[in-house]
Amino acid sequence: EDQVTQSPEALRLQEGESSSLNCSYTVSGLRGLFWYRQDPGKGPEFLFTLYSAGEEKEKERLKATLTKKESFLHITAPKPEDSATYLCAVQPVPGSARQLTFGSGTQLTVLP
Amino acid sequence: DAGVTQSPTHLIKTRGQHVTLRCSPISGHKSVSWYQQVLGQGPQFIFQYYEKEERGRGNFPDRFSARQFPNYSSELNVNALLLGDSALYLCASMIQETQYFGPGTRLLVL
């Protein structure tokens, strides 16, 4: 069974204090790993897709990396507007459905 | 460009009732997926449709059903509502393996 575990559950940072969020996954075969940002009461907002180990993607203060067992979302010099829940999801290879299996998310709070 | 739209935004129902949620995908997207998100958890896959055919179903009871129309919009139906069906219901449209989510419908079952 596909499984995604995110840590920590919650993270409080001071503005400018860099850190990393972890996403560990277990799948029979990985089609892709996705990172989303979700603000309270809203739908997830797409950030990145990673397809193979060693791949990296960057967007503003965010950088996502992928290994064969986990992915990291690095946040450099965060600002209060980066406060949100960050969700990791995997899309397995077998089957025609492109379903995503999500972790429970990391709730990030950036204090001014 | 308009993103994924969902209606209604909020809904209150009582146990045993039926509910229909609606979703319009991003223009040009032919695949729609439905997810249920309970407070404090990640979204859980319910259904995926592509070109009006069901391509996948998650571990949900038969009370949940869905369909996709010729214009690629979709409906999610839930019968015999239970208190545990209270959640944010998300619709996502997909293109090139990436799913883009709508704002969701918040369902409260009393």
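First, a word on scope: everything that follows refers to the structure included in this document. Bear in mind the structure is a predicted one, so any value in this text is a computation, not a measurement. (Residues numbered from 1 in each chain as written. Chains lettered and ligands numbered in written order. Predicted model: local features only at pLDDT ≥ 70, side-chain atom pairs only at ≥ 80, totals over all residues. Heavy atoms only, no water.)

**A word on the interface of chain B and chain A**
Opposite the 22 residues of chain B that make contact, chain A presents 21 residues. At the boundary of chain B and chain A, one finds one salt bridge. The partner of glutamate 97 of chain B in a salt bridge is arginine 98 of chain A, and the shortest N-O contact between them spans 3.0 Å. Between the two partners, chain B and chain A, sit six residue pairs in polar contact (both at pLDDT 80 or more). When contributions to the side of chain B that touches chain A are tallied by element, the ones reaching two or more residues are strand E4 (31–37), strand E5 (44–50), strand E6 (53–57), strand E9 (87–95) and strand E10 (98–101) of chain B. Residue contributions to the side of chain B that touches chain A peak at four residues, all from E10 of chain B. Considered class by class, the residues forming the side of chain B that touches chain A number nine nonpolar, ten polar and three charged. (Contact = heavy atoms within 4.5 Å. Salt bridge = Lys/Arg side-chain N within 4 Å of Asp/Glu carboxyl O. Polar contact = N/O pair within 3.5 Å; in protein donor to acceptor, adjacent residues only side chain to side chain. Helix = DSSP H or I, 4+ residues; strand = E, 2+ residues; numbered from the N terminus. Nonpolar A, V, L, I, M, F, W, Y, C, P; charged D, E, K, R; others polar.)

**Considerations on the side chain of threonine 98 of chain B**
Following the sequence through the fold, threonine 98 of chain B ends up in strand E10. Taking relative accessible area as the criterion, threonine 98 of chain B reaches 7% and is therefore assigned buried. Leaving out residues up to four positions away in the same chain, threonine 98 of chain B has contacts with Phe34, Phe46 and Thr49 of chain A together with Ser93 of chain B. (Buried < 20%, exposed > 50% of the residue type's maximum accessible area, 1.4 Å probe, protein only.)

**A short note on the environment of proline 44 of chain A**
Structurally, the position occupied by proline 44 of chain A is in the loop between strand E4 (30–38) and strand E5 (45–50). Sequence separation between proline 44 of chain A and leucine 13 of chain A is 31 residues; the distance between their C-alpha atoms is 22 Å. Those residues in contact with proline 44 of chain A that sit more than four places away from it in its chain are Tyr36, Arg37, Gln38 and Leu87 of chain A together with Pro43, Leu90 and Phe101 of chain B.

**Thoughts on the state of the cysteines**
Residue and element names in this part refer to chain A. Under the counting rule described, the total for this entry stands at two disulfides over all chains. Two residues share a disulfide in this structure: cysteine 23 and cysteine 88, whose sulfurs sit 1.9 Å from each other. The sign of the -60° torsion about the S-S bond sets the cysteine 23-cysteine 88 disulfide as left-handed. With cysteine 23 in strand E3 (residues 19–26) and cysteine 88 in strand E9 (residues 84–92), this residue pair connects regions lying 65 residues apart in the sequence. Since its relative accessible area comes to 0%, cysteine 23 is described here as buried. (Disulfide = S-S within 2.5 Å.)

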